[in-house]
Each structure stands twice: as structure tokens, then as C-alpha cells.
Amino acid sequence: KYAKKKKKAEDTEDNKESDEAKKDIPKLYEMEADFGDVVVDVCIEMLLTLHESWEGRVSILNELINQLCDANCSDDQYALKICKFLHAIGHQFTDPRSLIIQALEECISKLAKSTPEKFIIFAPYILKSCMNTFPVRIEALRDPGIKLGQFLIKTMIEYDTKYVLLRSVFDGMNSKQAAIRCECADYIDLMIRPIPLLEKEDSTEEE
């Protein structure tokens, strides 16, 4: 009986701790992202429709990146803001104009370099979107995408503790596009290159 009472008391204490922990978890669906003076709906529409004013879209991306890189941007606000625009950002890689792809390479590289710990969870989506440029024959479109992919791998690898980026690279290896498989093979090489080789120990002892 004593053992049962003790176990019940422990379970009750664990439930209390669990409830307290849940209180500390922010309810993001109840929060709103603070974009300042940015008219979010208009900006997202411009991005999703690939508005002919690529300069305007680049301006939107730069404003968003600047907000995300701000030291005062909390983790919650960071997640809310990037989730709001994530699909629209990925859609830009389908634009046949090279200038927007070049601008994307600069913007995303800045974001990944400035906020790697926060960005790692979103990096796989950006990398997969970026892969759309790999099979393109036009160098001005293809090269910025490839350069961005390499930058993401080199910059984010040490933060990829849950292997979310690595899984994306392996998914790319299953692509029907040879160009994507080729680049992903290079990425795997980049990811395993820092791993030190294990030398085979000599099992025999010198007499």
C-alpha cells in the first residue's frame, strides 16, 4: 500500500511539472507577427504571382530579412514571420528571371549566416525550393541556386543536429533530374568530409 501511495504521489508531482512546462510553451497560433508598416497580404500576393516588378519583390525580401536578422526579433516572432512568408519565398525559385534568383541567393545567405540556430529548421524547405534551379541550362539562373545550396550546406551543417538538412539532401538523391542528384552527391561529400577517418588499429602486439 505504501508503494502504491508513493507511486501515486510521484505521478501527481510529474503531472504538475508537466502542466507547468506546458504553461511555458508559447501558443504561436494565438500570437500575431509584428511586421511594422509592411502590408503583408499585398506583399505575399506580389511574391506568389511573381509580379513583373522584380525590384519590388526584392525590396519585400530585403525588408523581411532585415526584420528577421534584427537582434530584437524574438524566437517566436522569427518563427511567425518566416512561416508566413516561407511558401512565397520558395516560389521565387520558379521565376525564369535570373536577377531575382541572384537576389534570393544574397538574401537567404545573409539570413542563414546571421541566424543559423533559428534558420536550420526552415533550411530544408529553402534547399528543396532551390533545387528547382539545378537542371536549368541558363547559367545566370542555375549558378546562384547552386551557390546558395552549397552555402547552406557549409553554413548549417554544424547546426543540423536533428539531420533535417541531411534528409533533404538524401531526398534530392532520389530525384529524376540528374543535375539535382549530382549536386546532392556533392553536398553529401561536403557534409561527410569534416568527419575524421578512423584508422584501423593494429590488433597484433609487438613482441
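Note that the structure is predicted; figures quoted are calculated from it, not measured. (Residues numbered from 1 in each chain as written. Predicted model: local features only at pLDDT ≥ 70, side-chain atom pairs only at ≥ 80, totals over all residues. Heavy atoms only, no water.)

By the definition in use, this model includes 2 aromatic pairs. An angle of 45° between the planes, with centres 6.4 Å apart, marks the rings of Tyr78 and Phe122 as tilted. Note that Tyr78 is positioned in helix α4 (residues 75–91) and Phe122 in the loop between α6 (116–119) and α7 (123–130), a separation of 44 residues in sequence. Arranged with centres 6.2 Å apart and planes meeting at 75°, the rings of Phe134 and Tyr187 form a pair that is edge-to-face. With Phe134 in the loop between α7 and α8 (139–156) and Tyr187 in helix α10 (residues 178–192), this residue pair connects regions lying 53 residues apart in the sequence. (Phe/Tyr/Trp six-rings, centres within 6.5 Å; stacked < 30°, edge-to-face > 60°. Helix = DSSP H or I, 4+ residues; strand = E, 2+ residues; numbered from the N terminus.)

Turning our attention to helix α3 (residues 54–69). Along its 16 residues, α3 runs 22 Å from first to last C-alpha, staying within 8% of the 22 Å computed at 1.5 Å per residue. Considered for burial, the residues of α3 that qualify are Gly56, Arg57, Val58, Ile60, Leu61, Leu64, Ile65, Gln67 and Leu68. Looking at the buried residues of α3, the elements they touch are α2 (40–48), α4 and α5 (98–114). (Expected span 1.5 Å × (residues − 1). Buried < 20%, exposed > 50% of the residue type's maximum accessible area, 1.4 Å probe, protein only. Contact = heavy atoms within 4.5 Å.)

Our next topic: the confidence of the model for the protein. Summarising the model, the protein shows a mean pLDDT of 83, and 77% of its residues fall at 70 or more. Of the regions scoring below 50 in pLDDT, residues 20–26 engages in 2 contacts with residues more than four places distant in sequence or in other chains. Every residue in residues 202–207 is under pLDDT 50, and counting partners more than four places away or in other chains gives 0 contacts. (pLDDT = per-residue confidence, 0-100.)

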